[in-house]
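What follows is the residue order along each chain.
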Amino acid sequence: MKQKEMTKSFQSRPARKKRWKPSVALVYLFLIFWAMTTVYPIIWVFQNSFKAKDKILSNSFSLPVGNLYTTANYRKAFQNLDIFSAYKNSVFISCVVCAGVVLLAGLAALPPLFRCIPWKLPGELSIPETGGCLCSL
Amino acid sequence: MDANIYKNKKPLILFLFPAFVFMAVYLYYPFFKNILDSFMQIKQLGVSGEEFNTPWYTNYVEMIHDQNVWTSLKNTLIMMVVTLVGQVGIALILALMVDNITKGAKLFRTLYFFPIVVSATALGLLFNLIFLYDKGMLNQFLEVLGRKTLIDWKGEHLALFTMMLPVMWQYVGFYFVIIITGLNNIPEELYEAASIDGATKLQRIRYITLPMAHNVLCTCAVLAVTGALKVFDLPWIMFPKGMPLKSTFLTGTYMYYQTMEVKNVDYGAALAVMIVILGVVLSKVVNTIFKEKDY
């Protein structure tokens, strides 16, 4: 980043290959450790979703290769439990919420912006023009 | 000059009207009706109160004598400390580290934001499986390491720790993104001037970064404290009804328990009023402690 290069030029280091300082390595180690704790449970769930139920309880860390691999869980979710209609409902709710929030919050956020239009007083803007203002947000 | 622009107020009212109506119907009306409900007798959900309670303050007196309320307040206070130190603290350390490295900042930002995107209910089920006594992930891991006796993660001694760990883990990324955006707003010239004067990295962090990020940290502290009062879904999925002998109630889960399970609706309304008052008082306190300075 910028500040590191500026520091170097000011201290006039000779141009050579950058060496790994132990403090930087330690920082990266800590960051990668936290990233592992964040991501690993999701990876664990994903790899277990391909195993049968009893295999999860007995042996949850192994990768689903060979014997352990099965897609029965996914088949059950899509056929017996009808997760597809759940997806449709979620998409519908998300779209309606998004449209509603943009509409209401956009309308409510406009009045302070009227100061930026000095050439026409707010009372003189007609409805199509206000619609145009909203679309340009 | 400004007065001229707002001479005609009608369009302003027109623009603010829809949002105001929406908030009045879905926020203000239920809020004030709830305060009224806490003084009335309500037989069941969905039926509004007919008559006032016999001494109108019965619910509040009952609240003082109820042992579970004091347990939930104590647990919520512990949760607030854990949230402040755990979530905001860890997020601050991570943000300071990511701010000072050259590559991979975007990758870390995406990775740390993962748990927030997952729904809290799904996380509750995931952590139920992780902390399961018989063959959960952690106990399996301990078995692999060779330990003979398994740890009962949901027993009385460890219940609070098990409840607060996922809540703390989930929102670290949220505060991380807020703090890192705040850190990016600190101008580079200050760092350059400090390094000309010979400041080490730690001194730069202590004398430039932390004071400039004060406002952001104040916002994060208020959010963390009020969030701890309201957290519900993760603790409820892992410990429904305050599981080991009603000892792990939080204010949010206890209010739900009283309203939906015990069906004591007016008492639940009184608890809700208490939570709101507590939230307002605590956020004022946090604001004065981390007082916002104008730079």
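Up top you'll find the structure we're talking about.
Residues numbered from 1 in each chain as written. Chains lettered and ligands numbered in written order. Predicted model: local features only at pLDDT ≥ 70, side-chain atom pairs only at ≥ 80, totals over all residues. Heavy atoms only, no water.

Trainee: Explain the overall build of chain A to me, using residue names and the numbers behind them.
Mentor: In terms of helices and strands, chain A carries six helices and zero strands. Going from the N terminus to the C terminus, chain A shows its helices and strands as α-α-α-α-α-α. Residue burial in chain A is summarised as follows: out of 137 residues, 22% are buried. Restricting to contacts in chain A with at least 6 residues of sequence separation, those with at least 24 account for 22%. Of the roughly 10,300 Å² that chain A leaves accessible, carbon and sulfur atoms contribute 70%. (Helix = DSSP H or I, 4+ residues; strand = E, 2+ residues; numbered from the N terminus. Buried < 20%, exposed > 50% of the residue type's maximum accessible area, 1.4 Å probe, protein only. Contact = heavy atoms within 4.5 Å. Areas by Shrake-Rupley, 256 points an atom, 1.4 Å probe, with all protein chains shown as cover.)

Trainee: Outline helix α5 (residues 105-117) of chain B, supporting the account with residue identities and numerical values.
Mentor: Owing to its 3.6 residues per turn, the α-helix brings residues three or four apart onto one side. Its 13 residues give α5(B) an end-to-end C-alpha distance of 19 Å, which sits within 8% of 18 Å, the value for a rise of 1.5 Å per residue. Burial in α5(B) covers these residues: B:F108, B:Y112, B:P115 and B:I116. Buried residues in α5(B), looked at end-on, bunch into an arc of 115 degrees, giving them a common side. Facing away from the buried side of α5(B) by over 90 degrees, the exposed positions are B:K106, B:L107 and B:V117. Elements in contact with the buried residues of α5(B): α2 (22-48) of chain A together with α4 (67-99), α6 (120-130), α8 (159-170) and α9 (172-184) of chain B. (Expected span 1.5 Å × (residues − 1). Arc of directions from axis to C-beta.)

Trainee: Can you lay out the pattern of salt bridges for me, pointing to particular residues and giving the numbers?
Mentor: Once their charged atoms are close, side chains differing in charge can pair, the charge on each being opposite to the other. All names here are of chain B. Enumeration over the complete set of coordinates arrives at two salt bridges over all chains. A salt bridge links D37 to K33; the shortest N-O distance between them is 3.4 Å. Of this pair, D37 and K33 are both found in helix α2 (residues 10-37), four residues apart, which corresponds to roughly one turn of the helix. Residue D37 is classed as buried on the basis of its relative accessible area, which comes to 12%. The closest approach of N and O atoms between E261 and K241, which form a salt bridge, is 3.6 Å. With a gap of 20 residues between them, E261 in helix α14 (residues 251-261) and K241 in the loop between α13 (233-238) and α14 connect regions that are remote in the sequence. (Salt bridge = Lys/Arg side-chain N within 4 Å of Asp/Glu carboxyl O.)

Trainee: Describe in detail the layout of surface pockets, supporting the description with residues and values.
Mentor: A volume near 1,000 Å³ is recorded for the largest pocket. Considering the residues around the largest pocket, the lining is formed by 20 residues, among which A:V45, A:N48, A:S49, A:I56 and B:L129 are closest to the centre. At six residues, α2(A) tops the list of elements feeding residues into the lining of the largest pocket. Taken together, the residues of the lining of the largest pocket break down into 14 nonpolar, three polar and three charged. (1 Å grid on protein atoms, 1.4 Å probe; cavity = no way out; pocket = protein on both sides within 12 Å on 5 of 7 lines; lining within 4 Å. Points joined across faces, edges and corners; volume = space filled by probe spheres on them. Nonpolar A, V, L, I, M, F, W, Y, C, P; charged D, E, K, R; others polar.)

Trainee: Before we move on, could you go through the state of the cysteines and cite the residues and values that matter?
Mentor: Disulfides are covalent bonds that connect the sulfur atoms of two cysteines. What the rule picks out here adds up to zero disulfides over all chains. You can see A:C98 has no disulfide; the closest cysteine sulfur is in A:C95, sitting 7.4 Å from it. (Disulfide = S-S within 2.5 Å.)

Trainee: Requested: an account of the packing of helix α3 (residues 58-65) of chain B against helix α15 (residues 265-289) of chain B, with residues and values cited.
Mentor: Residues and elements named next belong to chain B. One can describe the packing of α3 onto α15 by two numbers: an axis separation of 9 Å at closest approach and a directional angle of 75 degrees. One way to sum up the angle between α3 and α15 is to call them roughly perpendicular. Only D266, Y267, A270, L271, V273 and M274 of α15 make contact with α3, whose side of the interface consists of N59, Y60, E62 and M63. Classifying every residue of the contact of α3 with α15 gives seven nonpolar, one polar and two charged. (Axes fitted to C-alpha atoms, helices over the stretch in contact; angles between N-to-C directions. Parallel < 35°, antiparallel > 145°, perpendicular 65-115°, else oblique.)

Trainee: I'd love a proper account of the packing of aromatic side chains, names of residues and values included.
Mentor: Residue and element names in this part refer to chain B. Here the structure, examined in full by the defined rule, presents 18 aromatic pairs over all chains. Aromatic side chains F39 and Y60 sit 5.5 Å apart centroid to centroid with 45 degrees between the ring planes, which places their arrangement in the tilted category. Here the residue F39 occupies a position in the loop between α2 and α3, and Y60 occupies one in helix α3, the gap between them amounting to 21 residues. Ring centres of F127 and F131 lie 6.1 Å apart, and the angle between their planes is 25 degrees; on these two criteria the pair is classed as stacked. Summarising the burial analysis for this pair, F127 and F131 share the class buried. Above the face of the F239 ring, K154 is positioned so that its terminal group lies 5.7 Å from the ring centre. (Phe/Tyr/Trp six-rings, centres within 6.5 Å; stacked < 30°, edge-to-face > 60°. Lys NZ or Arg CZ within 6 Å of the ring centre and 35° of its normal.)

Trainee: Report on the environment of B:S72, specifying residues and quantitative values.
Mentor: Residues and elements named next belong to chain B. For S72, the location among the structural elements is in helix α4. Once the C-alpha coordinates of S72 and T248 are considered, the two residues, 176 residues apart in sequence, prove to be 7.1 Å apart. A polar atom in the side chain of S72 sits 2.8 Å from the backbone oxygen of V69. (Polar contact = N/O pair within 3.5 Å; in protein donor to acceptor, adjacent residues only side chain to side chain.)

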